[in-house]
Amino acid sequence: MRRTEALRSLVRETRLEPGQLIYPLFVCPGEGVRREIGSMPGVFNLSVDEAVKEAEEAAQLGLGGLLLFGLPEAKDEAGTGAWDDAGVVQTALKALKQTEAAKRLVLIADVCLCEYTSHGHCGVVNETGSGFEVENDSSVKLLAKTAVSLAKAGADVVAPSDMMDGRVGAIRDELDVEDLEQTPILSYASKFASAFYGPFREAADSAPQFGDRRSYQMDGANVREAMREIELDLAEGADMVLMKPAMPYLDVIRAARDRFDVPMGAYQVSGEYSMLQAAFARGWLEPERAMLESLVGIRRAGADFIVTYFAKDTAKLL
């Protein structure tokens, strides 16, 4: 049954299609800006006009959607740029909604404060005698406000990635109050504190200025806790869940797939992308095969869709 490509294709259990892939975009101020990210070859900070061009290409390639992150012109301690109706992601969403590409793509807006806060943490920070703490409840209010702003600007889906407790319920309530009850929530329900986020923090200019995020992102050793987090987010109104990172946590994706019957995605994060790119550049791995194998593995583990910086290259191959 393996003798020819036709036979192998006929009995293949796991399929990878362009429509299952979500392409992340990093939107920045300006016009005509296409600035390559040093640690992520082939990935760029894009002004809104350039983001529109990327969307048009993504639609032509048959990708499932885009995941938008923003680099604001200015930052402050509260991250007020996150819910600014004239903010960079809001502006991008409005522009994208005017294109034909938007009819074929799901526009997903990341909901977090880390890109907008001067300290780089995902919520409101208070100093304590022993260091600092992120205020959960006050942060949740700002995240809900951000989700509403993004949905009004044109986001088809809002995706809270902050890992504050109770934020899905608060976002659902605020969306419903604002007559945005048709807006789905894709919750980063299982997001682990990980070394594999490093290149993203350069791309989004979101590195913490002090401490780290281990007090609110999950401990990588805990699978049962991940299941509890997913269950809580679904109970609060999440429509879909996203697992992050993907490769080091394939067992978590599998466990979630076996337990929960909801649409589920996985994020092949920046570190996974960059280390593969480094191996490709040195001739250590065959790019096309390794790229496809990494994504098929994530699908096989149970992800219905994948957020990946390889989305466009993969779609061209497929």
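For clarity, every value in this text was computed on a predicted model and none was experimentally measured.

1. A few points about the overall build of the protein
What the protein contains, in helices and strands, is eleven helices and twelve strands. Counting only residues that meet the buried cut, the protein has 55% of its 318 residues in that class. For the protein, the share of sequence-separated contacts (at least 6 apart) that also reach a separation of at least 24 residues comes to 74%. As presented, the protein carries roughly 14100 Å² of accessible surface, and 48% of it is formed by carbon and sulfur atoms.

2. A closer look at the layout of surface pockets
Quantified by volume, the largest pocket comes out at close to 590 Å³. Lining the largest pocket are 15 residues, with Arg 12, Thr 14, Leu 292, Glu 293 and Val 296 sitting closest to its centre. Of all elements in the fold, only helix H1 (5–10) and helix H10 (287–301) reach the threshold of two or more residues within the lining of the largest pocket. Here the residues of the lining of the largest pocket are counted per class, giving four nonpolar, two polar and nine charged.

3. Digging into the pattern of salt bridges
Counted by the stated rule, this structure contains 18 salt bridges. For Arg 12, the salt bridge goes to Glu 5, with nearest N and O atoms at 3.4 Å. Sharing partners across several salt bridges, the network here consists of Arg 34, Glu 50, Lys 53, Glu 54, Glu 57, Lys 312 and Lys 316.

4. Focus on helix H8 (residues 250–259)
Those residues of H8 that fall on the buried side of the exposure criterion are Val 252, Ile 253, Ala 256 and Arg 257. Mapping the buried residues of H8 onto a view down its axis gives an arc of 135°, with all of them on the same face. Buried residues along H8 sit in contact with strand S9 (186–191), helix H7 (224–236), strand S10 (240–244), strand S11 (264–268) and H10.

5. Comments concerning the nonpolar core
In this structure, Phe 26, Leu 66, Leu 93, Leu 105, Val 158 and Tyr 267 are the most contacted members of the largest nonpolar core, which totals 112 residues. Top element by residues in this core is helix H4 (residues 136–153). It accounts for nine residues. Leaving out residues up to four positions away in the same chain, Leu 93 has contacts with Leu 68, Leu 107, Ala 109, Leu 150, Ala 153, Gly 154 and Ala 155.

6. Re the side chain of Asp 162
Relative to the elements of secondary structure, Asp 162 occurs in the loop between strand S8 (157–160) and helix H5 (167–177). Exposure remark for Asp 162: the relative accessible area of 0% places this residue in the buried category. Polar side-chain contacts of Asp 162 include one of 2.6 Å to the backbone nitrogen of Met 164. Here Arg 167 takes part through its side chain, which lies 3.2 Å from a polar atom of the side chain of Asp 162.

7. Concerning the packing of aromatic side chains
Scanning all chains against the criterion turns up nine aromatic pairs. Between Phe 69 and Phe 200 the ring centres are 5.0 Å apart and the planes differ by 75°, which places this aromatic pair in the edge-to-face class. You can see Phe 69 sitting in strand S4 (residues 65–70) and its partner Phe 200 sitting in helix H6 (residues 198–203), a full 131 residues away along the chain. Its relative accessible area of 10% is what places Phe 200 among the buried residues. Between the aromatic rings of Tyr 267 and Tyr 309, the centroid separation amounts to 6.1 Å while the plane-to-plane angle is 45°, which identifies the pairing as tilted. With Tyr 267 in strand S11 and Tyr 309 in the loop between strand S12 (305–308) and helix H11 (311–317), this pair connects stretches of sequence that are 42 residues apart.

Quick notes on the rules
- Residues numbered from 1 in each chain as written.
- Predicted model: local features only at pLDDT ≥ 70, side-chain atom pairs only at ≥ 80, totals over all residues.
- Heavy atoms only, no water.
- Helix = DSSP H or I, 4+ residues; strand = E, 2+ residues; numbered from the N terminus.
- Buried < 20%, exposed > 50% of the residue type's maximum accessible area, 1.4 Å probe, protein only.
- Contact = heavy atoms within 4.5 Å.
- Areas by Shrake-Rupley, 256 points an atom, 1.4 Å probe, with all protein chains shown as cover.
- 1 Å grid on protein atoms, 1.4 Å probe; cavity = no way out; pocket = protein on both sides within 12 Å on 5 of 7 lines; lining within 4 Å.
- Points joined across faces, edges and corners; volume = space filled by probe spheres on them.
- Nonpolar A, V, L, I, M, F, W, Y, C, P; charged D, E, K, R; others polar.
- Salt bridge = Lys/Arg side-chain N within 4 Å of Asp/Glu carboxyl O.
- Arc of directions from axis to C-beta.
- Core = buried A, V, L, I, M, F, W, Y, C linked by side-chain atoms within 4.5 Å.
- Polar contact = N/O pair within 3.5 Å; in protein donor to acceptor, adjacent residues only side chain to side chain.
- Phe/Tyr/Trp six-rings, centres within 6.5 Å; stacked < 30°, edge-to-face > 60°.

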